[in-house]
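Listed below are the residues making up each chain.
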Amino acid sequence: MEQQQISAKKLKAMEKVKRANAELAKVVREEKEQLRKTQDRHKYMMGGCVVKYFPEAYDFSEQEMNRIIACAFSLKDVKNMIATVLKERPDHAVNNDEEEEEIDDFDSDETKENDPEENDDDEGGEA
């Protein structure tokens, strides 16, 4: 008699654990789905921004785009604009120091290859 009660209690507890595991798996799936949707929306928005200002972007390979973007982000005007935008954020006090350090690091990484003043085959020029 005592053994049957223990078994019944065990079965009931095992069912609770099984339901809890199923609920946990459901929550994890929902969180992953939400993260994926957020990342997809961000990728779509970023792609739209790139194409808005650089419609020919789809004509380039990933390697070519990496070279173009690396060159663009090495320019002082771009770095200054990034710093300005970050300063305009409501929480700029936290990020400001980190970004200034990063901008200082960029200055030392510039090469003649990425310097638009040194490159004579620049077709676009400054906008």
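Remember, predicted model here, so these are calculated numbers, not experimental data.

**Q** Describe the overall build of the protein chain, and please don't skip the residues or the numbers.
**A** Within the protein chain, the regular secondary structure consists of 4 helices and 0 strands. When its helices and strands are written in sequence order, the protein chain yields α-α-α-α. The burial tally for the protein chain puts 7% of its 127 residues in the buried class. Across the protein chain, contacts joining residues at least 24 apart in sequence account for 34% of those joining residues at least 6 apart. Put simply, the protein chain shows about 11800 Å² of open surface, and 54% of that area lies on carbon and sulfur atoms.

**Q** Mind laying out the pattern of salt bridges, listing which residues take part and the relevant values?
**A** Per the counting criterion, the structure on display carries 2 salt bridges. A salt bridge links Glu33 to Arg36, with the nearest nitrogen and oxygen atoms 2.6 Å apart. With Glu33 and Arg36 both in helix α1 (residues 2–53), this residue pair falls 3 residues apart, about one helical turn. Note on Glu33: relative accessible area 33%, which makes it partly exposed. Note that Arg36 and Asp40 form a salt bridge whose closest N and O atoms lie 2.8 Å from each other. You can see Arg36 and its partner Asp40 sitting in helix α1, 4 residues apart, about one turn around the helix. When its relative accessible area of 34% is taken as the criterion, Asp40 is described as partly exposed. Overlapping salt bridges, with partners in common, bring together Glu33, Arg36 and Asp40 in one network.

**Q** With reference to specific residues and values, describe the environment of Phe54.
**A** Within the secondary structure layout, Phe54 lies in the loop between α1 and α2 (62–73). A relative accessible area of 23% means that Phe54 is categorised as partly exposed. If sequence neighbours within four positions are ignored, Phe54 has contacts with Phe60, Met65 and Ile68.

**Q** Tell me about the packing of aromatic side chains, and please be specific about residues and values.
**A** For the structure shown, the criterion picks out 1 aromatic pair. Ring centres 5.6 Å apart and planes at 25° place the aromatic pair Phe54 and Phe60 in the stacked group. With a relative accessible area of 33%, Phe60 lands in the partly exposed category.

**Q** Could you give me a rundown of a nonpolar patch on the surface, with the residues and numbers involved?
**A** A contiguous nonpolar surface patch, about 380 Å² in accessible area, is contributed by Phe60, Ile68, Ile69, Phe73 and Ile82. Broken down by element, the residue count for the nonpolar patch peaks at 3 residues, all from α2.

Criteria and thresholds
- Residues numbered from 1 in each chain as written.
- Predicted model: local features only at pLDDT ≥ 70, side-chain atom pairs only at ≥ 80, totals over all residues.
- Heavy atoms only, no water.
- Helix = DSSP H or I, 4+ residues; strand = E, 2+ residues; numbered from the N terminus.
- Buried < 20%, exposed > 50% of the residue type's maximum accessible area, 1.4 Å probe, protein only.
- Contact = heavy atoms within 4.5 Å.
- Areas by Shrake-Rupley, 256 points an atom, 1.4 Å probe, with all protein chains shown as cover.
- Salt bridge = Lys/Arg side-chain N within 4 Å of Asp/Glu carboxyl O.
- Phe/Tyr/Trp six-rings, centres within 6.5 Å; stacked < 30°, edge-to-face > 60°.
- Patch = residues over 30% accessible without salt bridge, like charges linked within 9 Å, V, L, I, M, F, W, Y side chains within 5 Å.

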